[in-house]
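Below, each chain spelled out in residue letters.
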Amino acid sequence: MKPTDFQHVNYLWDDDTANKLDPVERLRYRSNILGADQRITNTGGGNTSSKIKMTDPLSGEEVDVLWVKGSGGDLRTSTRANFASLYMDKFLSLENIYNKAEVKGAKTEIEDAMVDMYRHTTFNLNPAASSIDTPLHGMIPFRHVDHMHPISAIAIAASKDQEGLTQEVFGGEVGWVPWQRPGFDLGLVMRDELKKNPNLKGLIMGQHGLINWADDDKACYELTLSLIEKAALYIEQHDKGKKTFGGQKYQALSEEERNKLLVQLLPKLRGMVSQKNRFVGTVHVTDSVLQFVNSNDAPRLAEIGTSCPDHFLRTKIKPLYVDWNPQKDSVESLFEKLEAGLVRYRSDYASYYEACKHPNSPAMRDPNPTVILIPGLGLIAWGKNKSESRVTAEFYSLAIEVMRSSEAISEYQGLPRQEAFDIEYWLLEEAKLKRMPPEKEFARNAVVVIGAGSGIGKATAHRVAREGAHVVCADLSEEAAQATAQELIDIYGVGIGVAGTGVSGCGPAIGLAVDITKRETIKAMLEKTVLAYGGVDNIIVTAGIFVPPDKQGYIPDDKWALTYAINATGPYLVADEAKKIWQAQGMRTSLVITTSANAAVAKQGSFAYDTSKAAANHLVRELAIDLAPLVRVNGLAPATVVEGSNMFPRDRVISSLTKYNIAFDESETTESLRDKLAMFYAQRTLTKSPITLADQAEVAYLLSSSKLSKTTGQIISVDGGLHEAFLR
C-alpha cells in the first residue's frame, strides 16, 4: 500500500529522518510513530523490538542483541532509555531452564520465575527492566517485531467467533492463538505456530491484540499498518450506522447543561468514590462516548467490561453504568442512583474477588469503580493522579470503539472473570506496585494557589508541585497565572494520558484568572478547577495589596476600601465559595490565608494594610471554627519579604533605602537594591537573616500538609524573629 492509501491509520514514516538514526534509535523512532496513533495502540500498551548486531563490550565480538520496549514504557513517549537489551544467545538458552521444570505452562511457578531470569541476559549493563512480553519478541525468528493493541484487531480478538473472523479478514496471512496470559510459554506457542506455517506474517492474539514481524524495520512498520487497515476496512463494511449499540435510548445534554450539572455532580461523586483513597477525575465526552452511554445496549456491554488485559489495573473488571434519563430524571434522582449503584458495585467487586482469589492472592484492592458512565453526560474516570485518570478514560473510550467494531462484525465478549482476575491480581504486577516509590504528600490533591503569578504565590506553587500536587495557579493576571502553570508543566510534564474534554484534558497545572474582590470570578475559577480535576482540596491564598501611604501615612478612601477588599474580604469570599465544594466532597483538607507580621504591631504609617491584616488574622480563627472538622484553617504571617515581591517595586525599594539612609546607586539592578533593603530588614530581626520567598512557601506547604494535621486556627509568623510581632 502507498502511504496515501491508508484511511484508518496515520502513515508517519519518513526516510529522511529514519536514515539519520542508528539501529536502536530507528527502533525508538518506529515505536514513537506507532504510539502516536491511538487507533494503533493505547497509552502504555503494546511493544516493539529489533534484533541488532552489536559489539560485545567484553569480548569485542559481534553479537545479536534483542532491543525491546521495557517494562512500564509507553511507545509514544519512549526514549532509548526505555528499551531493554538482551543477548539473544543467552535469552534463547533460558528455554533449557524452562524445560527442566516439572510443571510448565501459563500461570505456573516457572513461568513467573523466568521473568527474573531475563536480568541475567542483559547486554551492556542496561538498567531498563525487561517486560513480560519479552519472549513474544525473542522467540520470533525475525529481526523486527511489532505487538500492538489496535482497535480493529482487538475487535476481532474480542469477538465470539474470533478464529473464523481472523481467517475471513486476513486469509492465511495472519494466524490466531487463543487467549493466554503473556509470558515465556506464550512465546513458545507463537514460535510453534510459525514453525507450522512459515508463511505467517502475524498472529491475532485472542482477547489481546496483534503481533507481526519482518526482517526490515520499515517493512515491519508498513506491515503493521496494512494489517490494521485491512481489519478496519472489513469492520467499516459492516458498520451498523444508527443501529450501533442497539440505537439511542437517551439524548445528550448541551455542553452548557452538561458542565452545569458536572459542577454539581463531580465533588459529591468524588467524595463517594474516595472512601478508601482520594481520587483525581477526568471528564471525557466525545460523540462516540455519548453514542455509547446513551444507547440501548450500554447496560449489557458495560457489564461485560473491557477485553484488553492492559486495561484491568486501571479500568477494573467493569465500569459503573448509571441508568439515568437526562431529559426526564432530576439531579436528585441521579445522586440517589449513583449512591445505590456504588453500593451494588462494591458488593459485586467483593464477590468477584472472593470467587476468583487464590490462597496467595494480594488483598482486595479499592472496590470503588474507576470508570462511571452516565447517559447525557459521558464518561468520568478516576485515578490516583491526573495522568492516570486520563489514561483510564482513554482506555475505556478505546474499549467503546472495540465494542462498536466487534458488535458490527460479530458479538463482543470479554475475558472470563477468572482470567481477568488473574491479570488484575497477578503477583508480578503486585510486586511491581510494591516497588513503586511512595506517593508524595499531595499526589492525589488539587491545590489552588491564589496569587500564584508572582512572589510568595509563585514560590508556593512550585513548592507544592514538588510534593506531587495538581496546582491551580490563580491570579488577577491570567497571563501571569498561566506563565507559572507553564513553568510547572515544563518541569513535570503533562503525563502520558491523552483523554479529557476541555479543561479536563489538562496536565498537573493550569492557570486561571481570579479577582478575589468579586465573588463571581472566584466561583468561576473553582468551577473550572472542579471540571479539571473533579474537586478542590487545599487552598492557599497569597494574594494581597499594600498601597504606599503619603508622607503623613495616609491613603485615599477608595484605596483603603480596596485594601480591605483584597486582604480581608477576599479570603472570606474564597472560603465561602469553596465551602460548598468541600462539604459536597466530605473529605478533610486545608485553607491557608497569608496575613502579615504587621497585623500584630501597632505603628504609624500603614493603617489600612496593618488593620486589614489584623482582620485577616481573626478571620482565620473564625473560619477555623466555621469549617471544622473538614477544613483546617491557618494563617501565614510574613514580614518584609523583599525578594521578588510585587509589594516592593523599584520605586518603593528606592524610597525605603532613602528613608533609612542606606547607600545605593541608581544604576544598580532592582534585585541588587532589593538585596540591600532585605539585609537592612534582616538586621532588625532576631535571626539576622533575610526573609525569602522559599521560607514563606515552605510554611504554606507545611500548614497545608498532613504534617500539621492537628493544627488549626493558628497564625504562624515567618519574619526572622520580630519581637514586636510576637503574638499575644
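Quick note: structure is the one above.
Below: a short report on this structure. (Residues numbered from 1 in each chain as written. Predicted model: local features only at pLDDT ≥ 70, side-chain atom pairs only at ≥ 80, totals over all residues. Heavy atoms only, no water.)

Some remarks on the overall build of the protein chain
Here is step 1 of the chain: Looking only at helices and strands, the protein chain has 25 helices and 18 strands in total.
Here is step 2 of the chain: Its C-alpha atoms give the protein chain a radius of gyration of 30 Å, near enough to 27 Å, the size a compact globule of 728 residues would have.
Here is step 3 of the chain: Seen through its principal axes, the protein chain has C-alpha atoms that stretch 95 × 70 × 55 Å.
Here is step 4 of the chain: The buried share of the protein chain, taken over its 728 residues, is 58%.
Here is step 5 of the chain: Here the protein chain holds 81 positive side-chain charges and 91 negative ones, and the gap between their average locations is 4 Å. (Helix = DSSP H or I, 4+ residues; strand = E, 2+ residues; numbered from the N terminus. Rg over C-alpha atoms; globule rule 2.2 N^0.38 Å. Buried < 20%, exposed > 50% of the residue type's maximum accessible area, 1.4 Å probe, protein only. Lys, Arg positive; Asp, Glu negative; His and termini not counted. Charge placed at Lys NZ, Arg CZ, Asp CG, Glu CD.)

Quick look at the sheet that holds strand 10 (residues 371-374)
Here is step 1 of the chain: Sheet architecture is open: four strands sit in the order 8-11-10-9, paired in mixed fashion. Taken across any chain shown, the strands that pair with only one partner, and hence form the sheet edges, are strand 8 (280-284) and strand 9 (320-321).
Here is step 2 of the chain: Across the sheet, helix 10 (residues 255-273) is in contact with strand 8, strand 10 and strand 11 (378-383); its angle to strand 11 comes to roughly 40 degrees. (Pairing = 2+ DSSP bridges. Contact = heavy atoms within 4.5 Å. Axes fitted to C-alpha atoms, helices over the stretch in contact; angles between N-to-C directions.)

Details of the pattern of salt bridges
Here is step 1 of the chain: Enumeration over the complete set of coordinates arrives at 41 salt bridges.
Here is step 2 of the chain: The salt bridge partner of Arg463 is Glu467, with a shortest N-O separation of 2.8 Å.
Here is step 3 of the chain: Taking relative accessible area as the criterion, Glu467 reaches 16% and is therefore assigned buried.
Here is step 4 of the chain: Linked through salt bridges whose partners overlap, the residues forming this network are Asp22, Glu25, Arg28 and Arg80. (Salt bridge = Lys/Arg side-chain N within 4 Å of Asp/Glu carboxyl O.)

Things to note about the packing of helix 23 (residues 650-659) against helix 24 (residues 670-682)
Here is step 1 of the chain: Where helix 23 contacts helix 24, the two axes come as close as 10 Å, and the packing angle between them is 45 degrees. In terms of axis orientation, helix 23 runs oblique to helix 24. Judged by the sense of rotation from one axis to the other, the crossing of helix 23 with helix 24 is left-handed. Residues Arg650, Val653, Ile654, Ser656 and Leu657 of helix 23 lie in contact with helix 24, whose contacting residues are Thr670, Leu673, Arg674, Lys676, Leu677 and Tyr681. (Parallel < 35°, antiparallel > 145°, perpendicular 65-115°, else oblique. Left-handed = near helix turned anticlockwise from the far one by under 90°.)

Here's the deal with the nonpolar core
Here is step 1 of the chain: Within the largest apolar cluster, 94 residues are counted, with the highest numbers of intra-cluster contacts made by Leu265, Leu269, Phe292, Tyr396, Ile450, Ile539 and Leu591.
Here is step 2 of the chain: Among residues more than four places away in sequence, those in contact with Leu591 are Ile539, Val541, Ala575, Trp582, Leu623, Leu627, Val631, Arg632, Val633 and Asn634.
Here is step 3 of the chain: Counting residues in hydrophobic clusters, the runner-up holds 30 residues, among them Ile40, Ala157, Tyr221 and Ile235. (Core = buried A, V, L, I, M, F, W, Y, C linked by side-chain atoms within 4.5 Å.)

Observations regarding the sheet that holds strand 18 (residues 715-718)
The pairing of strands in a sheet comes from backbone hydrogen bonds and takes either a parallel or an antiparallel form.
Here is step 1 of the chain: With parallel pairing, the seven strands of this open sheet are ordered in space as 14-13-12-15-16-17-18. Two strands in the sheet have a free side with no partner beyond their single neighbour: strand 14 (509-513) and strand 18. Each neighbouring strand pair of the sheet contributes to a mean axis angle of 20 degrees, computed without reference to strand direction.
Here is step 2 of the chain: Two elements, strand 12 (residues 446-450) and strand 15 (residues 539-541), share three bridges in a ladder whose sense is parallel. Paired with Val448 across the strands is Ile539, a residue of strand 15.

Side note on the state of the cysteines
Here is step 1 of the chain: Counted by the stated rule, this structure contains zero disulfides.
Here is step 2 of the chain: No disulfide involves Cys473; its sulfur sits 11 Å from the nearest other cysteine sulfur, which is in Cys506.
Here is step 3 of the chain: Relative accessible area serves as the criterion here: at 0%, Cys473 is assigned to the buried category. (Disulfide = S-S within 2.5 Å.)

Considering the packing of aromatic side chains
Here is step 1 of the chain: Counted under the stated rule, the structure contains 21 aromatic pairs.
Here is step 2 of the chain: Here Tyr98 and Phe184 contribute two aromatic rings whose centre-to-centre distance is 5.0 Å and whose plane-to-plane angle is 40 degrees, an arrangement assigned as tilted. Here the residue Tyr98 occupies a position in helix 3 (residues 88-99), and Phe184 occupies one in helix 8 (residues 184-196), the gap between them amounting to 86 residues.
Here is step 3 of the chain: A network of ring pairs unites the aromatic residues Phe6, Tyr11, Trp13, Tyr29 and Tyr221 as a single cluster.
Here is step 4 of the chain: The ring of Trp67 carries the charged tip of Arg80 above its face, separated from the ring centre by 5.9 Å. (Phe/Tyr/Trp six-rings, centres within 6.5 Å; stacked < 30°, edge-to-face > 60°. Lys NZ or Arg CZ within 6 Å of the ring centre and 35° of its normal.)

A look at a nonpolar patch on the surface
Here is step 1 of the chain: A cluster of nonpolar side chains, namely Tyr554, Trp560 and Phe607, defines an oily patch on the protein surface of about 310 Å² accessible area.
Here is step 2 of the chain: As for its placement among the helices and strands, Phe607 is situated in helix 22 (residues 607-627). (Patch = residues over 30% accessible without salt bridge, like charges linked within 9 Å, V, L, I, M, F, W, Y side chains within 5 Å. Areas by Shrake-Rupley, 256 points an atom, 1.4 Å probe, with all protein chains shown as cover.)

Brief notes about empty space enclosed by the protein
Here is step 1 of the chain: Per the stated rule, a full pass over the model turns up one cavity of 30 Å³ or more.
Here is step 2 of the chain: Put simply, the largest cavity is a space of about 80 Å³.
Here is step 3 of the chain: Every residue lining the largest cavity is counted, 13 residues in all, and those nearest its centre are Ile154, His311, Leu398, Ala399 and Val402.
Here is step 4 of the chain: Going through the elements one at a time, helix 6 (151-157) and helix 15 (386-409) are the ones with two or more residues in the lining of the largest cavity.
Here is step 5 of the chain: A total of three residues in the lining of the largest cavity trace back to one element, the largest contributor, which is helix 15.
Here is step 6 of the chain: In terms of residue class, the lining of the largest cavity is made up of seven nonpolar, six polar and no charged. (1 Å grid on protein atoms, 1.4 Å probe; cavity = no way out; pocket = protein on both sides within 12 Å on 5 of 7 lines; lining within 4 Å. Points joined across faces, edges and corners; volume = space filled by probe spheres on them. Nonpolar A, V, L, I, M, F, W, Y, C, P; charged D, E, K, R; others polar.)

The analysis is restricted to geometry; functional conclusions fall outside its scope.
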